[in-house]
Amino acid sequence: MTAYLIRRLFQALVTVLMVTVISFGLMQLMPGGPVRAILGSHATPATIAHLTHQMGLDRPVYVQYWTWLDGLLHGDLGFDYIQQRPISDLLFNALGASAYIVGASLLLALLIAVPAGLLQATRRNSALDHAFTVFSFIAYGVPTFFIGFLIQQWFEDDLKWVSVHDQVATFGEALTHPGAVCLPVLTLTVTTVAGYSRYMRSGVLDQITQDYVRSAQAKGASRRRTLYGHVLRNALIPMVTLVGLSMPALVGGALIVEYVFNIQGIGLLTTRAALQSDYGITLAATLLTAVATVVGSLLADLGYAVLDPRVRLT
């Protein structure tokens, strides 16, 4: 297990390093560059030259990259000249609300999808199975923003159960004002459950037809013990991979949800930065998404190895 963990960590580090090279290189190719985005189209050549030197953009590209990478290793993502604040402060302040929404929706989705998929598989072609299948197809096919608008209309405007007009920008504010984020969490949960439950249903159906299930039942094992002691664990293996690899999709979904419900999270910050050609924040957000992808893949591999010891030998 130790050797497997070391190999996966090394691969993750190499992947993140390559992402930094590609992301930084693409930002260098953006038209106009960060200086023009900050100063506007009417800036004088002298002003442009002064800010270019101040930001270190007149140095060779490899020197700029090394300086930026060294700052990353020390937690410094640079300075945002448009908002006049360190990028790390802007990013991590906005990250709190996004982490709450994504984490809570992922937890709720798993708590609902795993039992639902298991129940569907064990009661295949029943009315319950057909009803949840219809729900899954609708929730999976309808755009996230439309589901958000419907939920907001029902729970806030029609029923007046909650209000999401309060600004939430940190993890602490999300904890102390759960009413302001319950509808965004519900929106992401609905769309996530739709996909996860189908995968869980397929995994259980695939496992209950295996020879080991018939062998266990022939030896006198109860249906409950066979289902929860053997089938469920093996059916969770593809689910672990799915959860790990779906982290970027959840972050993308959070971007849409934050825009719909005006949550001051990483998604809304990135959207505004892209519209304002704020290259520093855009680059940092791109790197953050890439790191989330790599970490999700790494956690999926480790979870796979825990559930299936044969993976550790590969």
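Above this text sits the structure in question.
Residues numbered from 1 in each chain as written. Predicted model: local features only at pLDDT ≥ 70, side-chain atom pairs only at ≥ 80, totals over all residues. Heavy atoms only, no water.

**Examining the packing of helix α5 (residues 87-122) against helix α6 (residues 127-141)**
For any two helices packed against each other, one specifies the crossing angle of their axes together with the interaxial distance. Contact geometry of α5 with α6 gives a least axis separation of 8 Å together with a crossing angle of 135 degrees. Between α5 and α6, the angle is such that the two are oblique. By crossing handedness, the relation of α5 to α6 is classed as left-handed. Of the residues in α6, those touching α5 at Ala-116, Leu-119 and Gln-120 are Leu-128, Asp-129, Phe-132 and Thr-133. Its residues placed into classes, the contact of α5 with α6 shows 4 nonpolar, 2 polar and 1 charged. (Axes fitted to C-alpha atoms, helices over the stretch in contact; angles between N-to-C directions. Helix = DSSP H or I, 4+ residues; strand = E, 2+ residues; numbered from the N terminus. Parallel < 35°, antiparallel > 145°, perpendicular 65-115°, else oblique. Left-handed = near helix turned anticlockwise from the far one by under 90°. Contact = heavy atoms within 4.5 Å. Nonpolar A, V, L, I, M, F, W, Y, C, P; charged D, E, K, R; others polar.)

**Observations regarding the layout of surface pockets**
As a volume, the second largest pocket reaches approximately 400 Å³. Considering the residues around the second largest pocket, the lining is formed by 19 residues, among which Val-16, Thr-20, Leu-72, Leu-287 and Val-291 are closest to the centre. Mapped onto the lining of the second largest pocket, the elements with two or more residues apiece are α1 (2-28), α4 (61-73), α5 and α14 (279-307). Here the lining of the second largest pocket gets 7 residues from one element, more than from any other, and that element is α14. (1 Å grid on protein atoms, 1.4 Å probe; cavity = no way out; pocket = protein on both sides within 12 Å on 5 of 7 lines; lining within 4 Å. Points joined across faces, edges and corners; volume = space filled by probe spheres on them.)

**A look at the packing of aromatic side chains**
What the rule picks out here adds up to 3 aromatic pairs. Here Phe-145 and Phe-149 contribute two aromatic rings whose centre-to-centre distance is 6.2 Å and whose plane-to-plane angle is 80 degrees, an arrangement assigned as edge-to-face. Placement of both Phe-145 and Phe-149 in helix α7 (residues 144-158) is noted, with a separation of 4 residues, approximately one turn of the helix. (Phe/Tyr/Trp six-rings, centres within 6.5 Å; stacked < 30°, edge-to-face > 60°.)

**Remarks on the pattern of salt bridges**
Inspection of every chain in the model, using the stated rule, returns 1 salt bridge. Taking the shortest distance from any N to any O, the salt bridge between Arg-201 and Asp-129 comes out at 3.0 Å. Taken as a pair, Arg-201 in helix α9 (residues 182-207) and Asp-129 in helix α6 lie far apart in primary sequence, 72 residues in all. A single burial state applies to Arg-201 and to Asp-129, both of which are buried. (Salt bridge = Lys/Arg side-chain N within 4 Å of Asp/Glu carboxyl O. Buried < 20%, exposed > 50% of the residue type's maximum accessible area, 1.4 Å probe, protein only.)

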